[in-house]
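Next come the chains, spelled out residue by residue.
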Amino acid sequence: MIRTVEPSPHVSAPVLAAYSYCEAVTGQQARNFAYGIRLLPTPKRRAMSALYAFSRRVDDIGDGALADEVKIARLEDTRALLTRVRESEVDEDDTDPVAVALAHTARVFPVPLGGLDELIDGVLMDVRGETYETWDDLKAYCRCVAGAIGRLSLGVFGTEPGARGAERAPEYADTLGLALQLTNILRDVREDATGGRTYLPADDLAKFGCSAGFDGPKPPEGSDFAGLVHFEVRRARTLFAEGYRLLPMLDRRSGACVAAMAGIYRRLLDRIERDPEAVLRGRVSLPGPEKAYVAVRGLSGLDARHASRRTVRRHA
């Protein structure tokens, strides 16, 4: 069981400033993520912002315009910084606010920092231009860049004392990360293609006649693009259903945070399913009022109760 750790009420001024920087980065760069974590109590929200800010730095290196060898060097520099955090070598007056905030988070919460090493490994896969023949291949990548983030987040959330099946919480957090990442891949298929990246498995692309790729606002001629999208949507829904078994194991506000973030992505899936070619025309997103509804639903505990009933039925 991963129990919630109650942080110390006193946080020094330098650490508060570092967290403020991370929260600003999160608010500017990750609207869906920021929307979800606002439901958390302040210490957990700050910790999640620190995890995001470090992750954003890694992603930005991978997505930037630098030469590949420079990207690889900077990613290894970032890994060295993570080692300093892990070995408690980052002081509160360090000039890197992300390192200061992450170091404090690691002292207060039992976050498995190795998950950030996995994220770096995943971004290195991007830099090296790896492609994925099968779903199992893609799943390994998704576990690095998203499943690991789910497990890191669980270190902040903790599980409720006596939660049934809590020993499987990391597995469910990992699976929920996979569901979110596959949704991202579907949403960004055109943007990724423009950047020379293809994430969907080559086996799936061939099965639906889409091996030519997605370099325009229309599917490849003669392809069953809608069939491909619906196939991947069903896969993502299966992952969500499994990952949602985490919700009854969390306290109310942590569960609301997870339900809000996952709920936003599930609704994105609904939109993509209704109009598959929308992902080739532009970025699919949800309006603010719909996100607010998802947040209220999360706070009400509806998703957690539904997940709990499904879990009970499976054990009956």
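Structure first, text after, so check above.
A short tour of the structure in this document, coming up. If you're wondering where the values come from, they're calculated on a predicted model, not measured in any experiment.

Reading the values: rules and limits
- Residues numbered from 1 in each chain as written.
- Predicted model: local features only at pLDDT ≥ 70, side-chain atom pairs only at ≥ 80, totals over all residues.
- Heavy atoms only, no water.
- Helix = DSSP H or I, 4+ residues; strand = E, 2+ residues; numbered from the N terminus.
- Polar contact = N/O pair within 3.5 Å; in protein donor to acceptor, adjacent residues only side chain to side chain.
- Contact = heavy atoms within 4.5 Å.
- Buried < 20%, exposed > 50% of the residue type's maximum accessible area, 1.4 Å probe, protein only.
- Lys, Arg positive; Asp, Glu negative; His and termini not counted.
- Salt bridge = Lys/Arg side-chain N within 4 Å of Asp/Glu carboxyl O.
- Phe/Tyr/Trp six-rings, centres within 6.5 Å; stacked < 30°, edge-to-face > 60°.
- Lys NZ or Arg CZ within 6 Å of the ring centre and 35° of its normal.
- Axes fitted to C-alpha atoms, helices over the stretch in contact; angles between N-to-C directions.
- Parallel < 35°, antiparallel > 145°, perpendicular 65-115°, else oblique.
- Left-handed = near helix turned anticlockwise from the far one by under 90°.
- Nonpolar A, V, L, I, M, F, W, Y, C, P; charged D, E, K, R; others polar.

Quick notes on the side chain of R235
Within the element layout of this structure, R235 appears in helix α11 (residues 225-243). At 3.1 Å, the side chain of R235 and the side chain of E232 are in polar contact. Each residue touching R235, except ones within four places of it in the same chain, is listed here: W135, L182, P201 and D204.

Here we look at the side chain of K71
With respect to the helices, strands and loops of the structure, K71 is situated in helix α4 (residues 68-86). Despite its burial, K71 remains without a salt bridge, the nearest opposite charge being carried by D68 at 4.5 Å. Here the side chain of K71 touches G64 through a polar contact of 2.8 Å, landing on its backbone oxygen. Beyond its immediate chain neighbours, meaning those up to four positions away, K71 contacts I61, G62, D63, G64, L66 and V127.

A short note on the packing of aromatic side chains
Within this structure, the stated rule accounts for 6 aromatic pairs. Here F208 and F231 contribute two aromatic rings whose centre-to-centre distance is 5.7 Å and whose plane-to-plane angle is 45 degrees, an arrangement assigned as tilted. Placement of the pair is F208 in the loop between α10 (202-207) and α11 and F231 in helix α11, with a sequence separation of 23 residues. An identical accessibility class is assigned to F208 and F231; each is buried. Between F214 and F225, the aromatic rings sit 5.4 Å apart at their centres with planes inclined by 65 degrees, giving edge-to-face as the arrangement. Taken together, the positions of F214 in the loop between α10 and α11 and F225 in helix α11 put the pair 11 residues apart, joining distant regions of the chain. Taken together, the aromatic side chains of Y132, Y141 and Y199 make up a single cluster linked through ring pairs. Lying across the ring of Y244, R266 places its NZ or CZ 4.7 Å from the centre.

Examining the packing of helix α3 (residues 42-63) against helix α6 (residues 114-127)
Relative to each other, α3 and α6 sit at 20 degrees, their axes nearing to 9 Å. The orientation of α3 relative to α6 falls into the category roughly parallel. Judged by the sense of rotation from one axis to the other, the crossing of α3 with α6 is right-handed. The residues of α6 that touch α3, namely those facing L51, F54, S55, V58, D59 and G62, are L116, L119, I120, V123 and V127.

Comments concerning unusual backbone geometry
Here S88, not a glycine, exhibits a phi torsion of approximately 60 degrees, which is positive. Here S88 shows up in the loop between α4 and α5 (97-108). Residue S88 is classed as exposed on the basis of its relative accessible area, which comes to 62%.

Focus on the packing of α6 against helix α7 (residues 135-157)
In the contact formed by α6 and α7, the axes pass within 8 Å of each other and the chain directions differ by 155 degrees. The angle between α6 and α7 places the two elements in the roughly antiparallel class. Note that α6 runs across α7; the crossing there is left-handed. Of the residues in α7, those touching α6 at G115, L116, E118, L119, G122, V123, M125 and D126 are Y141, R143, C144, V145, A148, I149, R151 and L152. Among the residues forming the contact of α6 with α7, the class breakdown is 10 nonpolar, 2 polar and 4 charged.

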